[in-house]
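Coordinates in review
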Amino acid sequence: MTTTPPAGPTGPTGTAGPTGVIGVTTGAGPARAGKRAWLALIVLTLAVVLLAVDGTVLALAIPALTADLNPSGTQILWTGDIYSFMIAGLLVTMGNVADRVGRKRLLLIGSVGFGLSSTLGAFAPNPELLIAARAFLGFFGAMIMPSTLSILRNLFDDPRQRATAVAVWAAGATGGAAIGPLIGGALLEHFWWGSVFLLNVPVMLIVLIAGIALLPESRNPAGNRIDLPSAALSVLTIVPIVYAIKHLAGSGFDASVVLTAVIGLIAGAVFVRRQRRLTHPLVDVSLFKVPAFAGAVAAETIAIFAFIGLLFFFSQYLQLVRGLSPLQAGLIELPATLASMAVIAIAGFVLGRFGRGRAIAIGMLTSALGLGLLAAAEGVSGYLLLCVAIAVCGLGAGLSTTLATDAVVSAVPKERAGAASSVSETAYELGVALGIAVLGSLQVALYRANLEGSGALPATLPDGLRTAIEDSLAGAAAALGRGSLDTTAATGIMAAAQHAFTEAMQVTSVIAALLLVVSAIVAWRTIPSPLGKDTAR
């Protein structure tokens, strides 16, 4: 995806503004953005916040929708992450479509579709239609996401202003993901689970109306043709591999795991080979030859992978193990939101003090520390340590994601920044999707193993009830709540299921923390850390 701007408007000096959008030409150096550009940034950030919220807001609604729709454990996972899989699989393709038809136009079309899909999800009568609605949300979200960062780069040509704008944009992404449970909790305290979807409708109306008035249009003047085989291959790479992971955790190893994994790997290899041969590829794979670029992409993916993956099940832990209401659970997670937003204030200092690579590594190590604290806090009573742990996680994830986004764009020449932006956004969404899929599948597998090893399930338990209990903790709570067992037996089984879930959360947290530590070492060694004036470039 390229971000070559159209001819700019005539500025006060009588010259065309180099960004082609609202700015003030100074006559020397890059144009500085004016007030209207910052207002446009608010619209772009609001869209990103909503997309991020939608990735996590459903977590708190899992117990309520499980009781209503009775989905299986696998369907619960698909409901959570089909949204991000669709975005991740289509993001690069939609970025190229935006270059061709206009970024503003695609963002507005996506906003309308997102609102309609949200309404469909709110009133879904069964798990299958809910999953389909989430897939549509991902499809239209993929139209919105790449346009936001591309328009942002056209709005802000000055490096320091652009760094601030990217920090705001990234804070919207991480902060939105963290605030999702709080918003969901507030809604679920008073309304049914579908209300978490209807939230999108008025916000998207604001984005639509304000976007028409404030956002500039831009496109690639070359109008390169979209390579449809590449678009198909990108989806065929991601979905089968993730399916293999899910099936392995949910049903065990069988031929379908091997078949789908092989399909995904072959499609991925063909995709990469095709990109190298195309004159105008969907993904410029040569960018990955730049160590700083590859390291920043990996850091961004893994940072959000660990944060969102654990956040998805942490919301269930607070409600189903700690017994909190949805709103109370959202309030416990509020420190993560505040910490991720605080990154705007400290990112510049950390970047200037340590340099980009070391600062990203520090952010990842901070997240790892938070996950370690979370594993400890889940085994003790009280909420103080839980709040501290989730705040540390949010601070580290926000810092590493913000700086990695800036590093991805800064690691390549300006004329290739559009392609770099597309890869950065894909890394974020793929991190969200894989976090829920991989860590979620690991969590389910560990929960099931712990429960079976506890011997708490009587041999006389009906098969249907046993399957529901072993499927997920949410499924166990819903099944046992129907009163088919006497109170004493049901209470004992639920306590064992809660203990199995907590132990699974602790192990998963530690594994994610160790992964972050390894990734931090890689970021420290591969991403340059210049100090002084070079840091802001």
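Given the structure is predicted, the values throughout are model-derived calculations rather than measurements.

1. Observations regarding the overall build of the chain
The secondary structure content of the chain amounts to 19 helices and two strands. Across the 537 residues of the chain, 58% fall into the buried class. Taken as a whole, the chain presents about 20000 Å² of accessible surface, with 69% of it coming from carbon and sulfur.

2. Describing unusual backbone geometry
One non-glycine residue, Asn 70, lies in positive phi territory at about 55 degrees. Along the chain, Asn 70 falls in the loop between helix H2 (62-69) and helix H3 (73-101).

3. Focus: helix H13 (residues 334-354)
For H13, which comprises 21 residues, the first-to-last C-alpha distance of 28 Å matches the rise-based estimate of 30 Å (1.5 Å per residue) to within 8%. The largest bend in H13 comes to about 55 degrees, at Ala 345. Buried within H13 we find Ala 336, Thr 337, Ala 339, Ser 340, Val 343, Ala 347, Val 350 and Leu 351. Of the residues one or two after H13, Gly 355 is the one with positive phi, at around 90 degrees.

4. A word on the pattern of salt bridges
By the definition in use, this model includes two salt bridges. Residue Asp 227 is joined to Arg 274 by a salt bridge in which the shortest nitrogen-to-oxygen separation is 2.7 Å. Of this pair, Asp 227 sits in the loop between helix H8 (200-214) and helix H9 (228-251) while Arg 274 sits in helix H10 (residues 255-277), and the two are 47 residues apart along the sequence. The exposure class assigned to Arg 274 is partly exposed, which follows from its relative accessible area of 29%.

5. Things to note about the environment of Ala 391
Here Ala 391 lies in helix H15 (residues 384-410). Between the C-alpha atoms of Ala 391 and Ser 340, which are 51 residues apart in sequence, the distance is 8.0 Å. Sequence-distant contacts of Ala 391, that is, excluding residues within four places in its chain, are made with Pro 335, Ala 336 and Ala 339.

Here is what the cut-offs are and how they apply
- Residues numbered from 1 in each chain as written.
- Predicted model: local features only at pLDDT ≥ 70, side-chain atom pairs only at ≥ 80, totals over all residues.
- Heavy atoms only, no water.
- Helix = DSSP H or I, 4+ residues; strand = E, 2+ residues; numbered from the N terminus.
- Buried < 20%, exposed > 50% of the residue type's maximum accessible area, 1.4 Å probe, protein only.
- Areas by Shrake-Rupley, 256 points an atom, 1.4 Å probe, with all protein chains shown as cover.
- Expected span 1.5 Å × (residues − 1).
- Bend = angle between axes of the 7 residues up to and from the residue.
- Salt bridge = Lys/Arg side-chain N within 4 Å of Asp/Glu carboxyl O.
- Contact = heavy atoms within 4.5 Å.

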